[in-house]
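# Descriptive analysis of the structure
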Amino acid sequence: MKRCLVIDDSSVIRKVARRILEGFGFTIVEAADGRQALDACVKEMPDAILLDWNMPVMDGYEFLRALRAMPHGDKPKVVFCTTENDLAHIARAMHAGADEYIMKPFDKEIVEAKFQEVGLI
Amino acid sequence: MTPADYDFIRKVLKERSGYVLLPDKQYLIDSRLNPLARELGCASLMELVQKMRAPGATALLDRVTETMTINESFFFRDKIPFDRFKDTILPAVMEARANTRRLRIWCSACSTGQEPYSLAMILRSMKEKLAGWNIEILATDISRDVLERAKAGIYTQFEVQRGLPIQMLMQFFEQVGEQWRISEEIRRMVQFRHLNLIDRFSLLGTFDVVFCRNVLIYFDHATKTDVLERIAQQLAPEGYLVLGAAETVVGLSESFKPHMDKRGVYVRTGGVSPKPALAAVSPLPAAAAKAVV
Ligand SMILES: C[S@@+](CC[C@H](N)C(=O)[O-])C[C@H]1O[C@@H](n2cnc3c(N)ncnc32)[C@H](O)[C@@H]1O
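Starting afresh in each chain, residues are numbered from 1 along the sequence in its written order. To label them, take the chains in the order written and letter them from A, then take the ligands in the order written and number them from 1. This being a predicted model, a pLDDT of at least 70 is required before a residue's local features are given, and a value of 80 or more before pairs of side-chain atoms are given or counted; all residues contribute to the totals for chains, interfaces and linings. Processing note: side-chain calculations cover all non-hydrogen atoms of the structure and skip hydrogens and water entirely.

We call two residues contacting when some pair of their heavy atoms lies within 4.5 Å. Contacts between chain B and chain A engage 15 residues on the former and 15 residues on the latter. By buried area we mean how much accessible surface two parts lose on assembly, using a 1.4 Å probe and totalling the loss over both. Of the roughly 1,300 Å² buried where chain B meets chain A, counting both sides, 54% is carbon and sulfur surface. Of all residues in chain B, B:Gln161, B:Ile166 and B:Met170 bury the most surface against chain A, accounting for 41% of the area lost on that side. A pairing counts as a salt bridge when a side-chain nitrogen of Lys or Arg comes within 4 Å of a carboxyl oxygen of Asp or Glu. At the boundary of chain B with chain A, the tally comes to 1 salt bridge. Residue A:Glu109 pairs with B:Arg162 through a salt bridge whose shortest N-O separation is 2.8 Å.

Below is the structure:
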C-alpha cells in the first residue's frame with residue numbers, strides 16, 4: 001500500500017484529504033506543520049505528499065526545500081495546495097521541487113486527477 | 001408551460017441539432033430558457049414559446065437550440081485519448097503522410113476549445129519532430145457562444161485546474177487577472193468555425209484524425225449512425241476517429257472498427273489496418289519498395 005503524508009495546519013482539511021486519499025487506497029500519515037512533517041519523513045519516507053503552503057512553524061516552501069535536500073528526499077511526489085494562484089507563486093513552488101499543484105478548496109475529482117497526473121494512481 | 005409546449009421545444013431541439021432531451025431532463029428547459037426569455041424581453045417562458053411558434057422564427061429557434069446545448073469540457077479530458085493521440089495515432093498518420101507532410105485534424109464538437117487546444121499543446125511540445133510539417137486543426141461547434149469563448153481562449157482557475165498538467169499551464173498560459181489565457185502561438189494553431197453536425201459537412205475535405213467526443217451521446221440511434229457514416233466519408237483511409245468514453249461505433253456503423261485494444265480509438269473498415277510492431281513485416285511505401293526490387 002502506498003503511503004501519503006498529508007500536511008496541513010487545519011485538522012478539518014486533513015480529515016477531508018484523508019477520506020479522499022484512503023478512498024484511493026493510500027495509508028495516511030498526518031502532520032500539522034512542516035516540522036512535524038520532516039520528522040515523519042525521517043521516520044519513513046512516504047510515496048506521496050499533499051502539502052499545504054501556508055502553515056505556521058515551517059511553511060510549505062521551507063519544508064519542500066528541506067525535504068528535497070534529505071537522503072531519499074527526491075522519492076515522494078509532492079502535490080501542493082494553496083489559495084494563491086499567481087504564476088510566480090506556482091513557479092516558485094515548482095522550482096522548490098513540487099510535482100503538481102491544487103487550488104483550494106479541493107474535491108475528490110481534482111485530487112484524483114492530479115495524483116494520476118504524477119503517476120500515483 | 002403545457003406538456004405540449006415542452007414537446008414542441010423537444011421537437012425543435014431534435015430537428016435542429018439532433019439533441020434528444022429526455023423527459024426527465026425537462027427541468028433544463030426551464031433553467032436554460034428562462035434567462036434567454038428575459039434577455040429577449042419576454043414576460044415568461046410561455047411568451048418565448050409563442051414567439052418560437054410564429055412563422056419565420058428560424059433565427060430564434062437556432063438561438064434556443066444553441067442555448068440548450070451542454071458544453072462541459074476540460075483540457076485533456078479522460079487523459080488516455082490524448083496519450084493515444086500522441087503515442088499511437090500521430091506516429092501512424094505521420095508515416096502515412098510522410099510525402100506531403102501535411103496533416104488535417106478535426107474536432108467536430110469543440111465546445112469552449114479545451115479539446116483542440118489540448119491537441120495543439122501536444123503538437124507544440126513535439127515541435128522538433130514536426131518541423132517542416134503543415135498541421136491544420138479545425139474546431140467546430142453548433143453553439144456560437146462557445147466558439148466565441150474558445151477563440152478568446154480565456155479560462156478560469158477551475159477550468160485550467162481540471163486536467164491540465166502544471167507544466168503546460170506554466171508553459172502555454174498567461175495570467176489575466178484571476179483568469180488564464182492560452183498563449184497566442186497555441187491559439188493560432190486552431191481555426192474555429194460554426195458547424196452543425198446535422199448539416200452537410202462534405203465541403204470540409206478529408207481529415208487524418210477526427211475527434212468527435214461527447215456529442216453523439218445526445219443523439220438518437222439514427223442520428224448517431226448518420227453522423228458516423230458521414231464522418232467516415234471525410235476520414236482518410238488510414239485515418240483515425242476518436243470518440244468519448246461513453247461512446248462507441250458498435251451497433252451503429254460498419255464503417256469503423258476499434259483500433260486493436262485502444263479504447264475509444266477507431267479506424268476505417270477496409271482502410272489500412274494498423275501495422276504489426278515488427279519492422280521486418282511492415283510494408284514499405286510504394287516508392288521505397290520499388291527501389292528495393
Ligand atoms: C459536452 S460538449 C463536448 C466537448 C468536447 N468534445 C469534450 O469532449 O470535452 C458537447 C458539444 O457538442 C456541441 N453540439 C451539440 N449538438 C451539436 C451539433 N448538432 N453539431 C455540432 N455540435 C453540437 C455542443 O454545443 C457542445 O459544445
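On we go.
Whether parallel or antiparallel, the strands of a sheet pair through hydrogen bonds between backbone atoms. All names here are of chain B. If DSSP finds at least two bridges between two strands, the strands pair. Numbered from the N terminus, helices here are DSSP runs of H or I no shorter than four residues, and strands are runs of E no shorter than two. Overall, antiparallel pairing links the 3 strands, which are arranged S3-S5-S4 in an open sheet. Each edge of the open sheet carries a strand with a single partner, namely strand S3 (154-155) and strand S4 (173-176). Across 2 bridges, the pairing between S3 and strand S5 (residues 179-182) is antiparallel. Paired with Tyr-155 across the strands is Trp-180, a residue of S5.

Working definition: a disulfide is two cysteine sulfur atoms within 2.5 Å of each other. With the rule as written, the count across this model stands at 0 disulfides over all chains. There is no disulfide at B:Cys107, and the cysteine sulfur nearest it, in B:Cys110, is 6.9 Å away.

All names here are of chain A. The criterion for an aromatic pair is that two Phe, Tyr or Trp rings (for Trp, the six-membered ring) have centres within 6.5 Å, with stacked assigned to planes under 30 degrees apart, edge-to-face to planes over 60 apart and tilted to the rest. Enumeration according to the criterion identifies 13 aromatic pairs over all chains in this entry. Here Trp-53 and Phe-80 contribute two aromatic rings whose centre-to-centre distance is 4.8 Å and whose plane-to-plane angle is 45°, an arrangement assigned as tilted. Linking Trp-53 in the loop between strand S3 (48-52) and helix H3 (60-69) with Phe-80 in strand S4 (residues 77-82), this pair joins segments that are 27 residues apart in sequence. Each ring, one from Phe-80 and one from Tyr-101, has its centre 5.3 Å from the other, and the planes form 35°; the classification is tilted. You can see Phe-80 sitting in strand S4 and its partner Tyr-101 sitting in strand S5 (residues 100-103), a full 21 residues away along the chain.

So, about helix H2 (residues 34-43) of chain A. All names here are of chain A. Residues of H2 that are buried: Gly-34, Ala-37, Leu-38, Ala-40 and Cys-41. Relative to the axis of H2, the buried residues are bounded by an arc of 160° and lie together on one face. Residues of H2 that are exposed and point more than 90 degrees away from the buried face comprise Val-42 and Lys-43. Packing partners of the buried residues in H2 comprise strand S1 (3-7), strand S2 (27-31), S3 and H3. Between N or O atoms, a polar contact is any pair within 3.5 Å; within protein, one atom must be a potential hydrogen donor and the other a potential acceptor, and residues adjacent in sequence are included only when both atoms are from side chains. Near the N-terminus of H2, the side chain that reaches the backbone nitrogen of Arg-35, with its oxygen 2.8 Å away, is that of Asp-33. Between buried and exposed lies partly exposed: a residue is buried under 20% and exposed over 50% of the maximum accessible area for its type, with that area taken using a 1.4 Å probe on protein chains only. Of all possible arcs, the one meant is that of the directions from the helix axis to the C-beta atoms.

All names here are of chain B. Domain boundaries assigned for chain B yield domain 1 (3-68) and domain 2 (80-292). What fixes the domain bounds is an automatic or database domain assignment. Taken over C-alpha atoms, the centre of domain 1 sits 32 Å from the centre of domain 2. Contact with domain 1, which involves 10 residues of that partner, is made by 10 residues of domain 2. Approximately 740 Å² of surface area, both sides summed, lies buried where domain 1 meets domain 2, with 48% of it carried by carbon and sulfur atoms. When residues of domain 1 are sorted by the area they lose upon contact with domain 2, Ser-17, Gly-18 and Glu-66 head the list and together hold 53% of the total. Counting every contact that joins domain 1 to domain 2 gives 2 salt bridges. With a closest N to O distance of 2.9 Å, Arg-144 and Glu-66 form a salt bridge.

For the rest of this paragraph, the subject is the packing of helix H1 (residues 3-17) of chain B against helix H4 (residues 58-67) of chain B. All names here are of chain B. Axes here mean lines fitted to C-alpha atoms, for a helix over just the part in contact, with angles spanning 0 to 180 degrees between N-to-C directions. The N-to-C vectors of H1 and H4 enclose an angle of 90°; their axes lie 10 Å apart at closest approach. Our classification of the angle between H1 and H4 gives roughly perpendicular. In contact with Val-12, Leu-13, Arg-16 and Ser-17 of H1, H4 contributes Thr-58, Leu-61, Asp-62, Val-64 and Thr-65. Angles are sorted into four bins: roughly parallel if under 35 degrees, roughly antiparallel if over 145, roughly perpendicular if 65 to 115, and oblique for all others.

Below, the discussion takes up the pattern of salt bridges. Residue and element names in this part refer to chain B. This structure, assessed with the given rule, holds 31 salt bridges over all chains. Glu-39 is the partner of Arg-63 in a salt bridge, and the nearest nitrogen-oxygen pair spans 2.9 Å. Note that Arg-63 is positioned in helix H4 and Glu-39 in helix H2 (residues 27-39), a separation of 24 residues in sequence. Glu-136 is the salt-bridge partner of Arg-102, the closest N and O atoms lying 3.7 Å from each other.

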